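What the coordinates show
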Amino acid sequence: MSRIEQLISEIEAYIDSCKAQPFTNNKKIVVDKDQIEELLVELRLRTPEEIKKYQKIISNKEAILSDASRQADALLAQATKQTKELLDEHEILQQAYAKADEIVRSATIQGQQIVDQATKDANAIRDGAIYYTDDMLKSMQNIISHTLDGARSRFETFSNSLESSYQIVTANRKELAGQEEPESGAGEAQTMEAELQAVR
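For clarity, every value in this text was computed on a predicted model and none was experimentally measured.

Considering the arrangement of structural elements, one finds Thr 133 in helix H3 (residues 93-177). Within polar-contact distance, the side chain of Thr 133 engages the backbone oxygen of Ala 129 at 2.8 Å.

Scanning the model with the defined rule gives 2 salt bridges in all. The partner of Asp 127 in a salt bridge is Arg 126, with the nearest N and O atoms 3.7 Å apart. Residue classification places Asp 127 among the partly exposed residues on the basis of a relative accessible area of 45%. Its salt-bridge partner being Arg 152, residue Asp 149 comes within 3.4 Å of it at the nearest N-O pair. Highlighted residues: Asp 149 and Arg 152, both in helix H3, separated by 3 residues, approximately one helical turn. Classification of Asp 149 by relative accessible area gives partly exposed; the value is 29%.

A few words on the environment of Met 140. Here Met 140 shows up in helix H3. With sequence-adjacent residues up to four places away left out, Met 140 is seen in contact with Leu 43 and Thr 47.

Judged by nonpolar contacts, the single largest core of 14 residues is most densely connected at Ile 11, Ile 15, Ile 36, Leu 40, Leu 43 and Ile 143. Elements that contribute at least two residues to this core include exactly helix H1 (3-17), helix H2 (33-87) and H3. When sequence neighbours within four positions are dropped, the list of residues in contact with Ile 11 reads Ile 36, Leu 39, Leu 40, Leu 43 and Ile 143.

Rules of the game
Residues numbered from 1 in each chain as written. Predicted model: local features only at pLDDT ≥ 70, side-chain atom pairs only at ≥ 80, totals over all residues. Heavy atoms only, no water. Helix = DSSP H or I, 4+ residues; strand = E, 2+ residues; numbered from the N terminus. Polar contact = N/O pair within 3.5 Å; in protein donor to acceptor, adjacent residues only side chain to side chain. Salt bridge = Lys/Arg side-chain N within 4 Å of Asp/Glu carboxyl O. Buried < 20%, exposed > 50% of the residue type's maximum accessible area, 1.4 Å probe, protein only. Contact = heavy atoms within 4.5 Å. Core = buried A, V, L, I, M, F, W, Y, C linked by side-chain atoms within 4.5 Å.

Interpretation in functional terms is not warranted from these geometric data alone.
See the structure below:
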């Protein structure tokens, strides 16, 4: 298993271990920002290395095809050499023609088979590399989506808290602006003072 696969597994395990926020039906979780960012940074650094590795595998397709072509050319060259050697023998001229045709035909078939198999192998390697890279990017996409959900949840909670505070402050200002009568405590104090003066 490559390091990038390990990182993806660690991130998925960490997300699964995070606690869900109350009243969210386990759809939103609380994550440690430093921990998730540390994993994502390492994942981001490792990803180009993995992609380059598989790009190198894909580029080997040309080398495989080139090697197959060389093998086919070698077979054809050997067949041509054998044909010339047979043609030099006059007493078996007719047999030489038949044998030469057979050798050339067999070499052509084998050469084509080598090229076809090499093309098939190279395409299989390319398809495998593309599938693996796409699967890796899909996992990264899911991780980023989870992180965005958490960020939106925290922003929504903060926004609701500010809105509540704003409404309370507005209500207090309205109450303060509309208050014209003296507070009951002050009225009671004035009444008590009047009663004391009457007693005196």
